[in-house]
Amino acid sequence: AAERVTVPIEVRYAGVLFSGLVILGLGWRLREKRRDYALSLQGMAIGVFYLTVLSALKVHQIITPEAGMSFLLVVSVLSAALAVLQKAPVLAIVAALEGFVSPVLTSTGANRPLGLMTYLAILDIGIFLVAWFNAWRVLNLIAFVGTFTLAVGWADKFYTPADYGLIQPFLIFFFVLFALIGVLFARRTLLEAKHQAVLEVANTSGGATPLTGIKLVGRVDSALVFGNPLTAFGLQYLLVKHMEYGAAFSALAIAAFYSLLGRVIFSKQKQGLALLAEAYLIVAAIFATLAIPLGLESTWTSAAWAVEGAGMFWLGCRQQRPYARGFAYLVMAGATFKLLHAISIVTTPQQPLLQGAFLGPVLLGLSALVMWHLHRRREASTIASWEAP
């Protein structure tokens, strides 16, 4: 038969895919009787699908890169669905890794920004749906790192100002999506903490232990909370560096977004998600501070930073937040440094000794006096040890 019969290569690939489907079906049937073995079979089937597509694309070239990427996307979504249905994070992690590696493996070196960004968007929507039901932090990090690594890699190699209209909506989409995934992670961990607290109360002897005193808070994924805006702003700067004040307005937009998001979270979940809301307000303050030197001259920068530092110090006193007051001190130090660079000493006769704008020193001095006044009015017990000097 081997000498006389020729089996078309397409039929052979179809046979391998069918064997993968059989393995997948067997793994699904055994999911309740032998869970670990069933998950291993399902992972093996997913691997068969990926290897078959890559071989058909790279070795025999019987499918196009677009068709191969589309099939791999379907396999990745199937893997994520199996992971959610069986509460198996390992399957979801494998699916995410395979999904983000696929564009690299199927790449032919051609510039296809729309196809790549659409693929990443669909993949990230799947991660978002998984995050709605499960607090799998590793999966979120894989999606975040994979998305921005591929996006930055493409931008560094192919981006031109003519691509701005196409890429900007995708960048906004990725930025907002991962910010919301960070909220979902904190919300999910808060629900799990409440559920665990209820179980602990039910298992307590007598069953009447009150929940008061149990601190229920949602965990904050610092990689997404701080990494997402910083990475997105880095890519945004690459997109708008050819525009005047483009970076400054981008920083302001990020600050406004996180201010609004922090306000909404604090109003909805004042107790459980207060830490996340405060983290978002810190991000907003950082980017508002960053926008000032990007859009203003040194004198105006020092004046704006001085007013901002006094405002943050007042807020830190009202809310008893030492880190907010510490950030205010840093902002004031930066304002002073900027002001000194904006003032020059002139030794020419008949000329003022100090050359510079009048507004900066006045606002800096008034802001420092306000902070000193607020500090003197505080009770000694509310002053941190590092603040006294």
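About the cut-offs
Residues numbered from 1 in each chain as written. Predicted model: local features only at pLDDT ≥ 70, side-chain atom pairs only at ≥ 80, totals over all residues. Heavy atoms only, no water. pLDDT = per-residue confidence, 0-100. Helix = DSSP H or I, 4+ residues; strand = E, 2+ residues; numbered from the N terminus. Contact = heavy atoms within 4.5 Å. Axes fitted to C-alpha atoms, helices over the stretch in contact; angles between N-to-C directions. Parallel < 35°, antiparallel > 145°, perpendicular 65-115°, else oblique. Nonpolar A, V, L, I, M, F, W, Y, C, P; charged D, E, K, R; others polar. Core = buried A, V, L, I, M, F, W, Y, C linked by side-chain atoms within 4.5 Å. Buried < 20%, exposed > 50% of the residue type's maximum accessible area, 1.4 Å probe, protein only. 1 Å grid on protein atoms, 1.4 Å probe; cavity = no way out; pocket = protein on both sides within 12 Å on 5 of 7 lines; lining within 4 Å. Points joined across faces, edges and corners; volume = space filled by probe spheres on them. Polar contact = N/O pair within 3.5 Å; in protein donor to acceptor, adjacent residues only side chain to side chain.

Our focus in this paragraph is the confidence of the model for the protein. For the protein, mean pLDDT is 81; residues scoring 70 or higher make up 89% of the total. At the low end of the mean pLDDT range in the protein sits strand β2 (residues 354-355), at 72; at the high end sits helix α1 (residues 9-29), at 92. Counted against residues more than four places away or in other chains, residues 208-214, with its pLDDT under 50, gives five contacts.

Position of Leu364 among the secondary structure elements: in helix α13 (residues 359-377). Between the C-alpha atom of Leu364 and that of Trp305, which follows or precedes it by 59 residues, the distance is 8.4 Å. Setting aside residues up to four positions removed in sequence, Leu364 forms contacts with Ala306, Met332, Ala335, Thr336 and Leu339.

A few words now on the packing of helix α3 (residues 65-86) against helix α5 (residues 113-133). Geometrically, a packed helix pair is captured by the angle between its two axes and the distance between the axes. Across the interface, α3 lies against α5 with an axial gap of 10 Å and an inter-helix angle of 5°. As far as their axial angle goes, α5 and α3 are roughly parallel. Each of Met69, Leu73, Ser76, Ala80 and Val84 in α3 lies in contact with α5, whose residues at this interface are Tyr119, Ile122, Leu123 and Val130. Looking at the contact of α3 with α5, its residues break down into eight nonpolar, one polar and no charged.

Take the nonpolar core next. Ranked by internal contacts, the top residues of the largest apolar core, which has 81 residues, are Met117, Leu120, Phe148, Ile181, Tyr258, Ile265 and Tyr280. The residues touching Met117, leaving out its near neighbours within four places in the chain, are Ala151, Trp154, Ile167, Phe170 and Phe174. With 16 residues, the next largest nonpolar core counts Trp305, Phe313, Ala328 and Met371 among its residues.

By volume, the largest pocket amounts to about 530 Å³. Taken together, 22 residues make up the lining of the largest pocket; nearest its centre are Met69, Pro103, Ser107, Arg112 and Leu116. Counting only elements with at least two residues in the lining of the largest pocket, the list comes to α3, α4 (89-105), α5 and α6 (137-158). Split by residue class, the lining of the largest pocket holds 11 nonpolar, eight polar and three charged. The calculated volume of the second largest pocket comes to roughly 390 Å³. As for the second largest pocket, its lining consists of 18 residues, and the residues nearest its centre are Leu281, Ile282, Ala285, Met312 and Leu315. For the lining of the second largest pocket, the elements supplying multiple residues, two or more each, are α10 (274-295), α11 (298-319) and α12 (322-342). Counting residues per element, the lining of the second largest pocket draws most heavily on α11, which supplies seven residues. Looking at the lining of the second largest pocket, its residues break down into 11 nonpolar, four polar and three charged.

Let's shift gears to the side chain of Thr147. Residue placement: Thr147 occurs in helix α6. By relative accessible area, which is 0% here, Thr147 ends up buried. Among the polar contacts listed, one links the side chain of Thr147 to the side chain of Asp124, at a separation of 2.8 Å. A polar contact is formed between the side chain of Thr147 and the backbone oxygen of Ala143, at a distance of 2.7 Å.

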